[in-house]
Amino acid sequence: MGRAFEYRKATKLKRWGHMAKTFTRLGKQIAIAVKAGGPEPDTNPALRSVIATCKRENMPKDNIERAIKNAMGKDQSDYKSVTYEGYGPHGIAIFVDTLTDNTTRTVGDVRSVFNKFSGTLGTTGSLSFLFDHKCVFTFKKPAGLDMDELVLELIDVNAEDEYDEDEEEGTITIYGDPKSYSMIQKFLEEKGFEDIGGEFTYIPNDLKDLGDEERATIDKMVEKLEDFDDVQSVYTNLKPKAE
């Protein structure tokens, strides 16, 4: 398995540890997709992708339908995607992805946590050299799939030639240029793959290891950030602890 897959696998439980908060965050993603392309999954690729992710996270069908209905309401807030980046204690780099209807509130919340842990909130792009920004697609692996042939076709739509297979889940995960998200999604759908869930992620290219006590401080800071409803995901370059 590749570096990106191992990192995402090791950190997934921390990022999506609380089911209720997971559903709240996915609900915001549904709202953005509906407002951008309408409430019908058949004609809204972004919504189809979010719904597939919801299913993988075991979000009940009723919750998904309610989120779509709420997103169509006149009083629903317009969410914006904003990323904050900076350094936490012990020189650990931290990316905070948010969906917010009030950037003043959100930046205040995020800054308060950085300050509490003696971190520093930087400017947008200041940590780009430490992370690779990627779009990620996971889909069910059909029987008899020729991955060598698929990889050659994926390169033509700006996806990477490396992929990861989760035999336990029966899925394939591929990575690509974020700017080619729509093109890659369209290709996968036209190939007939099922349950195509897409997202964007940050993969650290230089992991930093820490001792147990220092690691506990970073974990606590990440937990505080994830307590905010506006926060979607938190990424760090802290090396995942070996099992």
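Residue positions within a chain follow its written sequence, with the count starting from 1. Local features in this predicted model are restricted to residues whose pLDDT is 70 or higher, and side-chain atom pairs enter the listing and the counts only when it is 80 or higher, whereas totals over whole chains, interfaces and linings include all residues. Computation of side-chain values: all heavy atoms of the structure, hydrogens and water removed.

**Student:** Just give me the short version of the packing of aromatic side chains, but keep the residues and values in it.
**Tutor:** A ring pair, where both rings are aromatic, is described by two values, the distance of the centres and the angle of the planes. Centre distance within 6.5 Å is the pairing criterion for rings of Phe, Tyr and Trp, where only the six-membered ring of Trp is used; planes under 30 degrees apart are then read as stacked, over 60 as edge-to-face, and the remainder as tilted. Following the criterion strictly, the structure yields six aromatic pairs and no others. When the ring of Phe137 is compared with that of Tyr181, the centres are 4.8 Å apart and the planes differ by 40°; the resulting orientation is tilted. Within this pair, whereas Phe137 is found in strand S4 (residues 131-140), its partner Tyr181 is found in helix H7 (residues 181-190), the two being separated by 44 residues in sequence. Accessibility expressed as a relative area gives 13% for Tyr181, which makes it buried. Relative to Phe200, the ring of Tyr181 has its centre 4.8 Å away and its plane inclined at 25°; by these criteria the two rings are stacked. Taken together, the residues span a long stretch of sequence, with Tyr181 in helix H7 and Phe200 in strand S7 (residues 197-204) at a distance of 19 residues. Summary of the burial criterion: residues with accessible area below 20% of their type's maximum are buried, those above 50% are exposed, and those between are partly exposed, where the area comes from a 1.4 Å probe applied to protein chains only. A residue is classified by how much of its surface remains accessible, and Phe200, at 37% relative accessible area, is partly exposed. Members of the aromatic cluster, connected to one another through ring pairs, are Phe95, Phe131, Tyr202 and Tyr235. By definition, any uninterrupted DSSP run of H or I lasting at least four residues is a helix, any uninterrupted run of E lasting at least two residues is a strand, and each is numbered from the N terminus.

**Student:** Describe the packing of helix H5 (residues 103-116) against helix H8 (residues 212-226), listing the residues and the values that go with them.
**Tutor:** To get an axis, fit a line to the C-alpha atoms, keeping to the stretch in contact for a helix; angles then go from 0 to 180 degrees between the N-to-C directions. Between H5 and H8, the least distance of the axes is 10 Å, while the angle of their chain directions is 165°. In terms of axis orientation, H5 runs roughly antiparallel to H8. At the point where H5 passes H8, the crossing takes the right-handed sense. Contacts from Val110, Val113, Phe114 and Lys116 of H5 reach H8 at Met221, Lys224 and Leu225. Residue type decides the class: Asp, Glu, Lys and Arg count as charged, Ala, Val, Leu, Ile, Met, Phe, Trp, Tyr, Cys and Pro as nonpolar, and the leftover types, Gly among them, as polar. Within the contact of H5 with H8, the residues separate by chemical class into five nonpolar, no polar and two charged. Roughly parallel refers to an angle under 35 degrees, roughly antiparallel to one over 145, roughly perpendicular to one between 65 and 115, and oblique to any angle outside these ranges. Crossing handedness is defined as follows: a turn of the near helix away from the far one that is anticlockwise and smaller than a right angle gives a left-handed crossing, while the clockwise case is right-handed. Here, two residues are considered to be in contact whenever any of their heavy atoms come within 4.5 Å of each other.

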